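Here is how the chains run, residue by residue.
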Amino acid sequence: MAASSALKLILGSSSASRRLILSEMGYQFTLLVVHFPPLWWLQSADIDEKAIRKEKPEELVVALAHAKADAILEKMQNNGMMKEIVDSQETTLLITADQVVVHDGVIREKPSTPEEARKFIKGYSESHAATIGSVLVTNVKTGARKGGWDKAEVYFHKIPDEVVESLIEEGNVFYVAGGLLVEHPLTSPLVEAIVGTIDSVMGLPKALTEKLIKESLSEP
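Procedures and definitions
- Residues numbered from 1 in each chain as written.
- Predicted model: local features only at pLDDT ≥ 70, side-chain atom pairs only at ≥ 80, totals over all residues.
- Heavy atoms only, no water.
- Helix = DSSP H or I, 4+ residues; strand = E, 2+ residues; numbered from the N terminus.
- Rg over C-alpha atoms; globule rule 2.2 N^0.38 Å.
- Contact = heavy atoms within 4.5 Å.
- Areas by Shrake-Rupley, 256 points an atom, 1.4 Å probe, with all protein chains shown as cover.
- Lys, Arg positive; Asp, Glu negative; His and termini not counted.
- Charge placed at Lys NZ, Arg CZ, Asp CG, Glu CD.
- Salt bridge = Lys/Arg side-chain N within 4 Å of Asp/Glu carboxyl O.
- Buried < 20%, exposed > 50% of the residue type's maximum accessible area, 1.4 Å probe, protein only.

- Named according to an unreviewed UniProt entry, the protein chain is Maf-like protein originating from Eragrostis curvula.

Here it is, written out as structure tokens:
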């Protein structure tokens, strides 16, 4: 579905995967940026995710998506974007999302050390990983929110030690939940099966996102 001219989407995420997925869905969107001449800076929610704890992974990712939306809306208020949106005739929707990996019943967020990343990635050779991802769509003018979560499972063949070390040295594993990269050229050939959708594993389930956008637009 392509975005209508009366709709403005703001993606409240610095994730390249989420930007790619939303583009694949046919939507045009903007990112939250701030201008300090001569430079433009990309802003993310920038919250302390470790300060938000929930027992269930589904509750955790939903709470984090709400916290990200709150933080971004505050930044928009402070930098003058909110006034522009309120004065505009467009419907402006903010999309925030979060994801964790569950492995052997334990919630995994982004690895913080090489040792933790190594433990995470090697573990996926032994048993499958589940991704739990939330999406939250906020109508910036009205404050109305529509949210939900999606789950997928990933099964890997044995991941060689040299692949693990290459991923750690490259560094991208430190920016994704559980250090789980299924689309990476080193790991994609090692994926045995995915139960669910690849876009859900990558952090933005298309069907859920589309549903929430439509629900948000259908409200008066």
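That covers the picture; the talk isn't over yet.
Section: the overall build of the protein chain
Thought 1: Within the protein chain one finds 7 helices and 9 strands.
Thought 2: Taken over the C-alpha trace, the protein chain has a radius of gyration of 18 Å; the compact-globule value for 220 residues is 17 Å, and the two agree within 12%.
Thought 3: Dimensions of the protein chain, computed from C-alpha atoms along their principal axes, come out at roughly 55 × 40 × 30 Å.
Thought 4: Long-range pairs, those at least 24 residues apart, make up 71% of the contacts in the protein chain between residues at least 6 apart in sequence.
Thought 5: Accessible surface, the protein chain as shown: approximately 11200 Å² in total, 53% of it carbon and sulfur.
Thought 6: Across the protein chain, 23 positive and 31 negative side-chain charges occur, with their mean positions spaced 4 Å apart.

Considering the pattern of salt bridges
Thought 1: Scanning all chains against the criterion turns up 8 salt bridges.
Thought 2: A salt bridge links Arg-145 to Asp-70; the nearest nitrogen and oxygen atoms lie 2.6 Å apart. Residue Arg-145 is found in strand 8 (residues 145-156), and its partner Asp-70 is found in helix 2 (residues 57-79); the two are separated by 75 residues along the sequence.
Thought 3: Note on Arg-145: relative accessible area 28%, which makes it partly exposed.
Thought 4: The exposure class assigned to Asp-70 is partly exposed, which follows from its relative accessible area of 44%.

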